[in-house]
Amino acid sequence: MSFIEDLKGVAFGIVNTPVDFNVRYSFFYLVATVLLAQFIWLARGKPDRFLRWLLPSKVFFHRSNLLDIKLFIVNRVISLSGILGPLLFAPAVAFYVVRTLSGKTPALDGATPESLSIALIATLIVVVSADFCKYWAHRMHHEWKALWPFHAVHHSAEVLTPLTLMRAHPMEAVLRNIFISLAVGLVQGLFLWLFLGPLALVTVAGANVFYFLFNTAGANLRHSHIWLSYGRVLEHVFISPAQHQVHHSIAIEHHDKNYGSIFALWDWMFGTLYVPDGYEELKFGVAGKEQQPHPNLRIALLSPFAESWAALRSALNQSSVTKVSEQDRL
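Attention here is on the structure that accompanies the text. (Residues numbered from 1 in each chain as written. Predicted model: local features only at pLDDT ≥ 70, side-chain atom pairs only at ≥ 80, totals over all residues. Heavy atoms only, no water.)

**Some details on the side chain of His142**
With respect to the helices and strands, His142 occurs in helix α7 (residues 116–143). A distance of 3.2 Å separates the side chain of His142 from the side chain of His151, its partner in a polar contact. Apart from residues no more than four positions distant in its own chain, His142 is found in contact with Trp148, His151, His155, His247, Asp256 and Tyr259. (Helix = DSSP H or I, 4+ residues; strand = E, 2+ residues; numbered from the N terminus. Polar contact = N/O pair within 3.5 Å; in protein donor to acceptor, adjacent residues only side chain to side chain. Contact = heavy atoms within 4.5 Å.)

**Concerning helix α6 (residues 90–101)**
The first and last C-alpha atoms of α6 sit 17 Å apart over 12 residues, in line with the 16 Å expected at 1.5 Å per residue. Ala90, Val93, Ala94, Val97 and Leu101 are the residues of α6 that are buried. Taken down its axis, α6 places every buried residue within 100° of arc, on the same side. Among the exposed residues of α6, those oriented more than 90 degrees off its buried face are Pro91, Phe95, Tyr96 and Arg99. (Expected span 1.5 Å × (residues − 1). Buried < 20%, exposed > 50% of the residue type's maximum accessible area, 1.4 Å probe, protein only. Arc of directions from axis to C-beta.)

**Some details on the packing of aromatic side chains**
Across all of its chains, the model carries 19 aromatic pairs by this definition. Put simply, the rings of Phe132, Tyr135, Trp136, Phe238, Tyr259, Phe263, Trp266 and Phe270 touch in pairs and so form one group of aromatic residues. (Phe/Tyr/Trp six-rings, centres within 6.5 Å; stacked < 30°, edge-to-face > 60°.)

**Focus on the layout of surface pockets**
Computed from the structure, the second largest pocket encloses a volume of approximately 720 Å³. Taken together, 31 residues form the lining of the second largest pocket, with Glu158, Val159, Leu282, Lys283 and Phe284 sitting closest to its centre. A per-class count over the lining of the second largest pocket returns 13 nonpolar, 8 polar and 10 charged. (1 Å grid on protein atoms, 1.4 Å probe; cavity = no way out; pocket = protein on both sides within 12 Å on 5 of 7 lines; lining within 4 Å. Points joined across faces, edges and corners; volume = space filled by probe spheres on them. Nonpolar A, V, L, I, M, F, W, Y, C, P; charged D, E, K, R; others polar.)

Right, here's the structure in full:
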């Protein structure tokens, strides 16, 4: 009976996806993306027929996009099945923080989160803290050899479409959920303690207002062929679609740049920011790979485990050799 209920839940989640404001590729955000794209098309002097410019067949019928669709289905089913649910433990972290701080005098004793200004501040802090965690989780997937094989599935995309967002190995969701749960749980716990009441967030149709604005303002163009830059000043604060496309580039000068999700501040602070001077012709994929490393769904899902284990084993062997060398010197 439970299995049938789980199947019903997955089916409902799939059917509900087009109207779920927490999903970037829901109907509202896609319509907003098309309207923004039309404005860009007009500003560039109508370079081609709009639909042909917006949905070029060489992109959307590319074999890479076909794998995107398959991985999208896999990840959506896993997400809706609740398998990753136990890894979303922000409330447990918040409870632990409150219990740890109980008895200590909060800095804003007597304040309540009822006012809109307090709720907006709380909402912003939750977004900023989560985005900070996303930056480091993303960076670790690039810089740690044992994690890179899983993230390489995303970077092996040879063309970018909004569904490329879900071209990801399920193992990435595991780490992402852990990091975000820790960050958001900590913030929620602090607000519960400071304001002596439930944490109130500002939402639009059930979605965090800042994520709503981010998704409405062209987040889907990040994974697309449409170049949209915010200009040098704003691109030191926010990651533009152009900057994320640069992140997917195989050019050497673009390697390990623009890890940020919403904010470019983290890249600016930690030396990984790349701000393009103007439009750049980009080629996407995994640098150093002449052939597609993930030609089908089976390889995309299974090969990262073997590659990650090989990297771990190499690191352990190297560590063992280093320890032996140190002992010899002693």
